[in-house]
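Here's the letter readout for the chains.
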Amino acid sequence: QVQLQESGGGSVQAGGSLRLSCAASGYTYTKYCMSWFRQAPGKEREWVASILSAGNTFYGDSVKGRFTISRDNSQNSVSLQMNSLKDEDTAMYYCAAVPSSRFSCAQLQTIQYWGLGTPVTVSS
């Protein structure tokens, strides 16, 4: 059974940091690109960052320079280090897995597996 389990969400003041983690199981982890998405109340789900199995990373413009995605293929895990958090980063954050054969790791329609999400609240 495939499972993506996020952890690390919480409340933080603007300018602070949080580290999200996602533990994956039930599929061949190294054959998948891993991504983070987020969804704020009343808004559409938004791509945040992706990392290929080989380690190449990609970021949305709104988080570039502040967030860092990383993965540990030996532990089947992916993390998102979030620094210099802003009010607008408040959202539910979701871990997602995309088969490496798909054309993009950043499009909703390419996601094969989703986690249930972990909430992040940033207050000023």
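As shown above, the structure is provided for reference.
So, a few notes on the structure that sits alongside this text.

Scoring rules and cut-offs
- Residues numbered from 1 in each chain as written.
- Predicted model: local features only at pLDDT ≥ 70, side-chain atom pairs only at ≥ 80, totals over all residues.
- Heavy atoms only, no water.
- Phe/Tyr/Trp six-rings, centres within 6.5 Å; stacked < 30°, edge-to-face > 60°.
- Helix = DSSP H or I, 4+ residues; strand = E, 2+ residues; numbered from the N terminus.
- Buried < 20%, exposed > 50% of the residue type's maximum accessible area, 1.4 Å probe, protein only.
- Pairing = 2+ DSSP bridges.

## Describing the packing of aromatic side chains
So, point 1. Enumeration according to the criterion identifies six aromatic pairs in this entry.
So, point 2. For the pair Tyr 94 and Trp 114, a centre-to-centre distance of 6.2 Å together with 85° between the ring planes defines the contact as edge-to-face. Of this pair, Tyr 94 sits in strand β9 (residues 91–99) while Trp 114 sits in strand β10 (residues 113–114), and the two are 20 residues apart along the sequence.
So, point 3. Tyr 94 gets classed as buried once you look at its relative accessible area, which sits at 12%.
So, point 4. A relative accessible area of 31% means that Trp 114 is categorised as partly exposed.
So, point 5. Among the aromatic residues, ring-to-ring pairing joins Tyr 27, Tyr 29, Tyr 32 and Tyr 113 into one connected group.

## Let's talk about the pairing of strand β11 (residues 118–123)
So, point 1. Across the two faces of β11 the burial differs, with Thr 118, Val 120 and Val 122 buried and Pro 119, Thr 121 and Ser 123 not buried at all.
So, point 2. One ladder, built from four bridges, connects strand β2 (residues 10–13) with β11; its direction is parallel. Looking at β11, one finds that Val 12 is bridged to Val 122.
So, point 3. Examined bridge by bridge, β9 and β11 share three bridges and lie antiparallel to one another. Among the inter-strand pairings, Ala 91 is bridged to a residue of β11, identified as Val 120.

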